[in-house]
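Read off the chains here:
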Amino acid sequence: ASGINFSKYDNIPVKVTGNDVPPGIKNFTSADLRGIIVENVKKSGYKVPTPIQKRAIPVITAGRDLMACAQTGSGKTASFLLPIISKLLDDPQDLEFGRPQAVIVSPTRELAIQIFDEARKFAYETYLKIGIVYGGTSFRHQNDCITKGSHVLIATLGRLLDFVDRAFVTFEDTRFVVLDEADRMLDMGFSEGMRKLMTHVTMRPQHQTLMFSATFPEDIQRLAGEFLNNYVFVAIGMVGG
Ligand code: ADP
Ligand code: MG
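Residues numbered from 1 in each chain as written. Chains lettered and ligands numbered in written order. Predicted model: local features only at pLDDT ≥ 70, side-chain atom pairs only at ≥ 80, totals over all residues. Heavy atoms only, no water.

## A few points about the site of ligand 1
The environment of ligand 1 is made up of 17 residues, and the closest members are Tyr46, Val48, Gln53, Gly73 and Thr77. A distance of 2.8 Å separates a nitrogen atom of ligand 1 from a polar backbone atom of Val48. In this structure, an oxygen atom belonging to ligand 1 sits 3.1 Å away from a main-chain N or O atom of Ser74. When ligand 1 sits alone it has 570 Å² of accessible area, and the protein chains cover 84% of it. Each residue belonging to the shell around ligand 1 can be placed in one class, and the counts come to seven nonpolar, eight polar and two charged. (Near = heavy atom within 4 Å. Polar contact = N/O pair within 3.5 Å; in protein donor to acceptor, adjacent residues only side chain to side chain. Areas by Shrake-Rupley, 256 points an atom, 1.4 Å probe, with all protein chains shown as cover. Nonpolar A, V, L, I, M, F, W, Y, C, P; charged D, E, K, R; others polar.)

## Here we look at the nonpolar core
Ranked by size, the top nonpolar core spans 45 residues in total, and within it Leu66, Phe80, Leu82 and Ile154 carry the most contacts. The biggest single contributor to this core is helix α3 (residues 76-90), with eight residues. Not counting residues within four places of it along the chain, the set of residues in contact with Leu66 comprises Ala56, Val59, Ile60, Thr209, Leu210, Met211, Phe212, Leu228, Tyr231, Val232 and Val234. The next biggest cluster of nonpolar side chains, apart from the first, holds 32 residues, and it includes Val103, Val169, Leu186 and Ala235. (Core = buried A, V, L, I, M, F, W, Y, C linked by side-chain atoms within 4.5 Å. Buried < 20%, exposed > 50% of the residue type's maximum accessible area, 1.4 Å probe, protein only. Helix = DSSP H or I, 4+ residues; strand = E, 2+ residues; numbered from the N terminus. Contact = heavy atoms within 4.5 Å.)

## A few points about the environment of Lys148
Structurally, the position occupied by Lys148 is in the loop between α5 (139-147) and β5 (152-156). Considering only alpha carbons, one finds Lys148 and Gly131, 17 residues apart in sequence, at a separation of 9.2 Å. Not counting residues within four places of it along the chain, the set of residues in contact with Lys148 comprises Phe97 and Lys129.

Given below as structure tokens:
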């Protein structure tokens, strides 16, 4: 990843709306991220934050909900993983079985695995446990991830809802919920699944919800309005419906 040239993104339009929007950051060092996280980012070969990372990281560290739109390949994964991992370390909470402290929902197994790999790199040499569950493999095996407990649980939506239905996962300790690739989940017919998930999540009053998408069609705008509170909207580049 160190060879990727993101400077081509420097002149693309940025749209940011919301109340009291935290200012963007110029580099990882000036972000409100723990030292170990900044070190792990450097180890990953990231030198400067991408435009979505510059805008999204300070919004999340400030404790706000977020709707973020930026094209595929623009670095959305790190823009939520870095502040979430850093904030979990800032304010440690005992890990309980079946009670993830951050939940990241992905439309596909492949994407979930990519997020998992990045999360492990960013959480390197911390005590945080990262878990993953997805469909298409035995429930029993995946259940290990849950029963052993994960601070950060990465999941495909369908499998996560299975665990929720069986009461193997609850959101009582969940401080962060990320809906990644929300537009893709919508295209796959998961809007009711997302609503069902959010109904469970909102039983816990104190949490941040973060939505990420490559496009911003009306249906996503509607879901953002339903799921997010006093949120910041960030769009990088052209994000038509
Ligand atoms: P998106 O989720 O927006 O499609 P990803 O988060 O998957 O994009 O990132 C695309 C690629 O860019 C990945 O290989 C990732 O490791 C790399 N990347 C992300 N942020 C940076 C950065 N700041 N510097 C260098 N590479 C980065
Ligand atoms: Mg992505």
